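Structural overview
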Amino acid sequence: MAVARQMSVALENRELFCNLQASRNELERANKVKDEFLSVMSHELRTPLSVVAGYSTMLRAEQLGPLTKEQALGVDVIQRNSKELFTMIESIMNATKIEAGSMIAENDAVSAAELLTELKVTYDFPTGKKIRFEWRCSETLPLLWTDGRKLRQVLTNLINNAVKFTDDGSIVISAEEKVEENDGCHRRYIEFRVSDSGIGIPAEERDKIFERFHQVDSSTTRSFEGVGLGLYIVKSFTEMLNGRVSVCSEVGRGSTFTVLIPLQPVAVELSNAVSR
Ligand code: ADP
């Protein structure tokens, strides 16, 4: 009787295990199909959108004939929305690449001061809001050995959010050197901060906002555009660069995102190995 009971339990377990395995395979397959679909769709959407953006630029430059004031305003709206759509498509493509594990960091010498100067030029245009930008960075910061394009994307996403969630106030972008001591090892970082005096983020949301597609208010009547991928990309890219990202915020007063990037990615790995 005891042997029979044990055998029936074993058979039941085996069946449960097989069912679980089948569901897992099915889920993995569905996830892969979804990622492939997103990736292909994003590629396909980019081509016609480039044409829309290209023609609207030609129209705005009056290369196809003079525009009335109203027509020029209409073309401005097309240009603004095409840019927004480009950003969303880029985000989806980046997120699918991250999920597929096909994103790699390509390290090079990067100057934080130069990066911030480049970004400053990009944001030197009217946002249509009463926002004052402040850029704080010393010229004497040491060079980073990191993936400059990914770092730029991280800062761009944070600054775009700061602009999006601030109607009237200030945005401060800064970079400074930090040294941390851990188990007798000194690690050198550049600390980037993007602070805004916008709407702020409730405490219970602060961890969740870094998840894929998470938005504080995801209702269809939400007044801010976006797909909820910006901070997921910020976190993934920062970790790819062996860095860390954190947020401090107060509802109604603003938010500060801090990104710590090590000067040398390998130095962190080595010192980790030593401390282990
Ligand atoms: P989205 O495309 O919606 O901006 P993100 O991943 O960049 O996606 O941000 C996720 C959510 O975190 C946003 O929808 C918003 O609710 C909140 N959030 C991000 N940055 C800020 C900020 N600077 N101020 C207030 N809320 C923010």
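The following refers to the structure shown. Computed from a prediction, not measured in an experiment: that's the story for all the values here.

**Here we look at the overall build of the protein**
- A tally of helices and strands in the protein yields 6 helices and 7 strands.
- Taking 19 Å as the expected radius of gyration for a compact globule of 276 residues, we find that the protein reaches 24 Å, considerably beyond that expectation.
- Summarising its shape, the C-alpha atoms of the protein cover approximately 90 × 55 × 40 Å along the three principal directions.
- Among the 276 residues that make up the protein, the fraction classed as buried is 36%.
- Across the protein, every contact between residues at least 6 apart in sequence was considered, and the portion connecting residues at least 24 apart equals 71%.
- When the accessible surface of the protein is summed, it comes to about 17200 Å², and 55% of that surface belongs to carbon and sulfur atoms.
- Between the centroid of the 33 positive side chains of the protein and the centroid of its 39 negative side chains there is a distance of 1 Å.

**Points about the site of the ligand**
- If you check the shell around the ligand, you find 20 residues, and the closest are Asn161, Lys164, Asp196, Gln215 and Leu231.
- Contact between the ligand and Gln215: an oxygen atom at 2.7 Å from a side-chain N or O atom of the residue.
- For the ligand, whose unbound accessible area comes to 530 Å², protein coverage reaches 96%.
- Counting only elements with at least two residues in the shell around the ligand, the list comes to α4 (148-164), α5 (230-240) and β7 (254-262).
- Taken together, the residues of the shell around the ligand sort by class into 9 nonpolar, 8 polar and 3 charged.

**Points about the nonpolar core**
- Counting 42 residues, the largest nonpolar core has Leu144, Leu158, Ile159, Ile190, Phe192 and Phe257 as the members making the most contacts within it.
- Per-element accounting of this core gives the leading share, 7 residues, to α4.
- Those residues in contact with Phe257 that sit more than four places away from it in its chain are Leu158, Phe192, Arg193, Val194, Ile201, Ile209, Phe210, Leu231, Ser246 and Val247.

**Quick notes on the packing of aromatic side chains**
- Tallied over the entire structure, the rule returns 4 aromatic pairs.
- When the ring of Tyr123 is compared with that of Phe133, the centres are 5.9 Å apart and the planes differ by 40°; the resulting orientation is tilted. Here the residue Tyr123 occupies a position in the loop between α3 (112-122) and β2 (130-137), and Phe133 occupies one in strand β2, the gap between them amounting to 10 residues.
- We classify Tyr123 as buried; its relative accessible area is 9%.

**Regarding the side chain of Lys164**
- Note on placement: Lys164 falls in helix α4.
- One buried charged side chain, Lys164, makes no salt bridge at all; its nearest oppositely charged neighbour is Glu84, positioned 5.3 Å away.

**Section: the environment of Gln71**
- Within the secondary structure layout, Gln71 lies in helix α2 (residues 69-100).
- Taking the C-alpha atoms as reference points, Gln71 and Arg60, 11 residues apart in sequence, are found 8.9 Å from one another.
- Looking at Gln71, its side chain comes within polar contact range of the main-chain nitrogen of Thr68, at 2.9 Å.

Reading the values: the criteria
- Residues numbered from 1 in each chain as written.
- Predicted model: local features only at pLDDT ≥ 70, side-chain atom pairs only at ≥ 80, totals over all residues.
- Heavy atoms only, no water.
- Helix = DSSP H or I, 4+ residues; strand = E, 2+ residues; numbered from the N terminus.
- Rg over C-alpha atoms; globule rule 2.2 N^0.38 Å.
- Buried < 20%, exposed > 50% of the residue type's maximum accessible area, 1.4 Å probe, protein only.
- Contact = heavy atoms within 4.5 Å.
- Areas by Shrake-Rupley, 256 points an atom, 1.4 Å probe, with all protein chains shown as cover.
- Lys, Arg positive; Asp, Glu negative; His and termini not counted.
- Charge placed at Lys NZ, Arg CZ, Asp CG, Glu CD.
- Near = heavy atom within 4 Å.
- Polar contact = N/O pair within 3.5 Å; in protein donor to acceptor, adjacent residues only side chain to side chain.
- Nonpolar A, V, L, I, M, F, W, Y, C, P; charged D, E, K, R; others polar.
- Core = buried A, V, L, I, M, F, W, Y, C linked by side-chain atoms within 4.5 Å.
- Phe/Tyr/Trp six-rings, centres within 6.5 Å; stacked < 30°, edge-to-face > 60°.
- Salt bridge = Lys/Arg side-chain N within 4 Å of Asp/Glu carboxyl O.

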